[in-house]
Amino acid sequence: GEDVEQSLFLSVREGDSSVINCTYTDSSSTYLYWYKQEPGAGLQLLTYIFSNMDMKQDQRLTVLLNKKDKHLSLRIADTQTGDSAIYFCADGSSNTGKLIFGQGTTLQVKP
Amino acid sequence: DGGITQSPKYLFRKEGQNVTLSCEQNLNHDAMYWYRQDPGQGLRLIYYSQIVNDFQKGDIAEGYSVSREKKESFPLTVTSAQKNPTAFYLCASSFGENTEAFFGQGTRLTVV
């Protein structure tokens, strides 16, 4: 079945760039999403990328997609303490209509 | 305001009891989803519904049941058959395939 994998933890210093990586297995993926979850809350959509794109930039966020390797990354420029959260990669399968999530990457930003 | 609302925020259940978690949306979304979140395991799909009066099992449907009698509502029942129900439950909705999902604030269920 479809699977999405992420590393579990990333620690950076305030002002540095953060790069969160994700791999997926589904060849029929149409959209890939990045969500942010703050403690005790639901998920908030940060950005998404269509599968025929290589890159998408949205202010401090840059998404890179390598469709051949099924690898997705989220770069956060000038990381702030308010960026500390869990970041989820999600794969929108065009075959099933399901949204499959990775395990989430906890981003810790040190002052 | 448009949005998706889960209630209650916290829920305590005794072992052997069924309990129902509420999820309501006024976004006119066709699709609704239930996920379970455990520490270090991300979100796992329990059930999803792409249209009223129809729903499909996700990856971990055993011990859960749902109904979709109205477009706005997708309640989840955690039955006594669910062996380890203590978790954070998230409901989401979307316009359907390949559209972004909006999430509720979650319900934390604890079995006591």
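Draft legend 1. Structural detail: the packing of aromatic side chains. Per the counting criterion, the structure on display carries 15 aromatic pairs over all chains. The interplanar angle of 45° and the centroid separation of 4.9 Å between the aromatic rings of Tyr31(A) and Phe50(A) together place this pair among those described as tilted. In this pair, Tyr31(A) is assigned in strand β4 (residues 29–37) and Phe50(A) in strand β5 (residues 43–50), connecting sequence segments 19 residues apart. On the basis of relative accessible area, Tyr31(A) is assigned to the partly exposed category, the value being 21%. On the basis of relative accessibility, which here comes to 27%, the residue Phe50(A) falls in the partly exposed class. Every member of this aromatic cluster is reached through a ring pair, and the members are Tyr31(A), Tyr33(A), Tyr35(A), Tyr48(A), Phe50(A), Phe88(A), Phe101(A), Tyr33(B), Tyr35(B), Tyr48(B) and Phe103(B). The ring centre of Tyr48(A) lies 3.8 Å from the NZ or CZ of Lys56(A), which sits over that ring.

Draft legend 2. The interface of chain B and chain A, seen in detail. At the junction of the two partners, chain B supplies 22 residues and chain A supplies 22 residues. At the boundary of chain B with chain A, total buried surface from both sides reaches about 1700 Å², with 53% on carbon and sulfur atoms. On inspection of chain B and its partner chain A, the count reaches 0 salt bridges. For the pair chain B and chain A, the number of links is 4 residue pairs in polar contact (both at pLDDT 80 or more). Looking at the side of chain B that touches chain A, the element that brings in the most residues is strand β5 (residues 43–51) of chain B, giving 4 residues. Class assignment for the residues of the side of chain B that touches chain A results in 9 nonpolar, 9 polar and 4 charged.

What counts, and where the lines are drawn
Residues numbered from 1 in each chain as written. Chains lettered and ligands numbered in written order. Predicted model: local features only at pLDDT ≥ 70, side-chain atom pairs only at ≥ 80, totals over all residues. Heavy atoms only, no water. Phe/Tyr/Trp six-rings, centres within 6.5 Å; stacked < 30°, edge-to-face > 60°. Helix = DSSP H or I, 4+ residues; strand = E, 2+ residues; numbered from the N terminus. Buried < 20%, exposed > 50% of the residue type's maximum accessible area, 1.4 Å probe, protein only. Lys NZ or Arg CZ within 6 Å of the ring centre and 35° of its normal. Contact = heavy atoms within 4.5 Å. Buried area = accessible area lost by both parts, 1.4 Å probe. Salt bridge = Lys/Arg side-chain N within 4 Å of Asp/Glu carboxyl O. Polar contact = N/O pair within 3.5 Å; in protein donor to acceptor, adjacent residues only side chain to side chain. Nonpolar A, V, L, I, M, F, W, Y, C, P; charged D, E, K, R; others polar.

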